[in-house]
Every structure is written in C-alpha cells, then in structure tokens.
Amino acid sequence: MIDLYLLKNIMEEIRENSDLLDSLSPNQFNTKLKLIEHINKIVPLEKEDDIAIFGCWYGSILIPAFYNEVKRITAIDLDPQVISRNKYRIYPGYKQLDFVSKDCFEWAQDSNRIKRTKLIINTSCEHMKPMKELKILSEINSYFAFTSNNMYDIEGHINCVDTIEDFKAQLPETATVLAEEKVTDYRGTRFLLVGELKTDNPAYYKE
C-alpha cells in the first residue's frame, strides 16, 4: 500500500531540494530495487529485527521498503542537514526510525546496537573506507547488503572499484557472499553484494 503521508512529504520537499529528486532517479531506483529483491530472498527479516543503513542519504527507496517489516531502522549519515530534513520534514512521526548524524565507522564502533542488528545496508561504499576496515563487522553475526561502483568522476567517490571481485576484496574476512549482481547505467557500473557475516564468538548486547 502506498504511504500517502510520506508521498506528500516527499513531494513538498522536492520542490526545494533537488538532491532528494536525484535520490529517486531511475538509476537509483533500479539498483535499489534489485538490492531489495536479493535481500527479500536471502535475509529472514522478522518484526523484532533491527536494520542499520550506512550513508543513508534520504533513504528514499530503502526506508519505505522495510519500515513496516522490522522493529527499528537506524539511518546514519555524516551530513547533518540531510539528517535534519529526514527527521523533521520527510519522516516526522515515524517512530520506528532513528536518524543519526555521525560517521558510520564511529557509530558502529561506539554503539552496542550494531551487535543486534539483523541487516546492515550500505549503498554508499564508494563514499567511505572499505568495510573490512570496520573491525566490529568481523565480531558479529548479521546479514549485509552493500553496493559500490566504478564512477570515479563523481564528487565524494573516494573508494570506487573496477570489478565486482575488487569489491569482494573489501569485505570482512567473516563475510560470505550469497548474491551478487552488476547493474549498468550511463555513468558506469554498480556492483551489488548481499550475504552473511558469521563469527563463532559473537558478542550481543540488547539495549
């Protein structure tokens, strides 16, 4: 069912925020829909589960896709203006959403919440250090859904990859890839990886 309240908020915000419109572009939409398809096939999400979205931007496609499926979505982005727009203009009143303005690596290392998160989504891997450098990911049991690309000429892309094998090499050692896909658009190729993080000695904490 279409969330008409959310649609109204998005339409009002788009009038003065072209970035939000870009987050809903055909290329963004196509890639995230494919990622959602893989997640739905692989990740056994339940109502009591948590999802974390690294580099959430406006969460335009991912948040509506999973909001009613889980207990809580934590959306983290370094840009405080983006987080403010999300909290007060696009998603006000959405109680199962927690927006955090912080570096994703700092949040994950400092928060116990990551240790009970069922699914970690990062569709901004090209904007940050390799996921294998986030040590906490090698210490937990979780699922992941990551994307990157080879679009070196876009501002803010500091960690692009040339191939899907290069992207796999950036995963934590405990990661097992269960689905992969390449999506081509006019600017280059997007790489999708969905899988599981599994350790023999997980440390879980409930808030």
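The residue numbering used here restarts from 1 in each chain and proceeds along that chain's sequence as written. Local features are withheld for residues below a pLDDT of 70 in this predicted model, meaning they are given only at 70 or higher, and side-chain atom pairs are given and counted only at 80 or more; totals for whole chains, interfaces and linings count all residues. Derived side-chain values reflect all non-hydrogen atoms in the structure, with water molecules and hydrogen atoms excluded from consideration.

Caption draft 1: Highlighting the pattern of salt bridges. The rule for a salt bridge is simple: a side-chain nitrogen of Lys or Arg has to be within 4 Å of a carboxyl oxygen of Asp or Glu. Counting across every chain of the model gives 14 salt bridges. E181 serves as the salt-bridge partner of K34, at 3.6 Å between the closest nitrogen and oxygen. With a gap of 147 residues between them, K34 in helix α3 (residues 26-42) and E181 in strand β6 (residues 175-185) connect regions that are remote in the sequence. Three labels apply to residues, based on accessible area from a 1.4 Å probe with only protein chains included: buried if under 20% of the type maximum, exposed if over 50%, partly exposed otherwise in between. Using a relative accessible area of 25% as the deciding quantity, one classes K34 as partly exposed. Among the salt bridges present, the one from R72 reaches D50, with a minimum N-O distance of 2.7 Å. Of the two residues, R72 sits in strand β2 (residues 72-77) while D50 sits in strand β1 (residues 50-54), which places them 22 residues apart along the sequence. Assigned by exposure class, R72 and D50 land together as buried. Through salt bridges with shared partners, a single network forms among E13, E16, R85 and R89. Secondary structure follows DSSP: runs of H or I at least 4 residues long count as helices, runs of E at least 2 residues long count as strands, and numbering of each begins at the N terminus.

Caption draft 2: Spatial organisation of the side chain of H157. Among the structural elements, H157 can be located in the loop between β5 (142-149) and α7 (164-168). Assessed through its relative accessible area of 13%, H157 is described here as buried. A polar contact is formed between the side chain of H157 and the side chain of H127, at a distance of 3.5 Å. In protein, a polar contact requires one atom able to donate a hydrogen and another able to accept it; more generally it is a pair of N or O atoms within 3.5 Å, and residues adjacent in sequence count only if both atoms are side-chain atoms. Within the local environment of H157, its side chain forms a polar contact with the backbone oxygen of M151, the two atoms lying 2.8 Å apart. Setting aside chain neighbours within four positions, we find H157 in contact with E126, H127, N149, M151 and Y152. For this analysis, residues touch if any pair of their heavy atoms sits within 4.5 Å.

Caption draft 3: Spotlight on the pairing of strand β7 (residues 188-197). Most of β7 sits inside the fold, with nine of its 10 residues counted as buried. Summarising the sheet, β5 and β7 pair through eight bridges and their orientation is antiparallel. When the bridges of β7 are listed, F146 appears paired with L193. With 10 bridges joining them, β6 and β7 adopt antiparallel strand pairing. The residue of β7 that forms the bridge with V177 is G195. For two strands to be treated as a pair, DSSP must find at least two bridges joining them. Between β6 and the antiparallel strand that follows it, β7, lie two residues.

Caption draft 4: Quick peek at a nonpolar patch on the surface. Residues enter patches when they are more than 30% accessible in relative terms and free of salt bridges; like-charged ones are connected within 9 Å and nonpolar ones (Val, Leu, Ile, Met, Phe, Trp, Tyr) within 5 Å. In these tables, accessible area is a Shrake-Rupley quantity obtained with a 1.4 Å probe, and a residue counts as shielded only by the protein chains included in the view. Side chains of L4, L7 and M11 sit close together on the surface and give an oily, nonpolar patch of about 300 Å² of accessible area. Mapping L7 onto the fold places it in helix α1 (residues 4-14). Overall, the relative accessible area of 41% leaves L7 in the partly exposed class.

Caption draft 5: View of helix α5 (residues 80-90). Of the positions making up α5, those classed as buried are V82, I83, R85, N86 and I90. All buried residues of α5 fall inside an arc of 160° around its axis, so they share one side. The exposed set on the far side of α5, more than 90 degrees from its buried face, consists of P80, Q81 and Y88. Where α5 is buried, its residues meet α1, α2 (18-22), β2 and β3 (97-101). The N-terminus of α5 is capped by D79, whose side-chain oxygen sits 2.9 Å from the backbone nitrogen of Q81. Relevant arc is that of directions from the helix axis to the C-beta atoms, nothing else.

Caption draft 6: Spatial organisation of the packing of α1 against α5. Here, axes are lines fitted to C-alpha atoms. For helices the fit covers the stretch in contact, and angles between N-to-C directions go from 0 to 180 degrees. Between α1 and α5, the least distance of the axes is 10 Å, while the angle of their chain directions is 125°. When the axis of α1 is compared with that of α5, the two are oblique. Of α5, the residues touching α1 (which contributes L6, N9, I10 and E13) are R85, R89 and I90. Of the residues that constitute the contact of α1 with α5, the class distribution is three nonpolar, one polar and three charged. Angular relationships are summarised with four words: roughly parallel below 35 degrees, roughly antiparallel beyond 145, roughly perpendicular across 65 to 115, and oblique for the angles in between. When residues are sorted by character, Ala, Val, Leu, Ile, Met, Phe, Trp, Tyr, Cys and Pro go into the nonpolar class, Asp, Glu, Lys and Arg into the charged class, and all the rest, Gly among them, into the polar class.

Caption draft 7: Spotlight on the packing of aromatic side chains. Classification of ring pairs uses Phe, Tyr and Trp, with its six-membered ring standing for Trp, and accepts pairs whose centres are within 6.5 Å; under 30 degrees between planes counts as stacked, over 60 as edge-to-face, and the remaining range as tilted. Taken as a whole and assessed by the stated rule, the structure comprises seven aromatic pairs. Ring geometry for Y5 against Y94: centres 6.1 Å apart, planes inclined by 15°, an arrangement best described as stacked. In this pair, Y5 is assigned in helix α1 and Y94 in the loop between α5 and β3, connecting sequence segments 89 residues apart. By relative accessible area, Y5 is classed as partly exposed at 42%. For Y94, a relative accessible area of 12% translates into the label buried. Here Y67 and Y94 contribute two aromatic rings whose centre-to-centre distance is 5.2 Å and whose plane-to-plane angle is 70°, an arrangement assigned as edge-to-face. Residue Y67 is located in the loop between α4 (62-66) and β2, and its partner Y94 is located in the loop between α5 and β3; the two are separated by 27 residues in the primary sequence.

Such coordinate-based values are descriptive only and should not be taken to indicate function.
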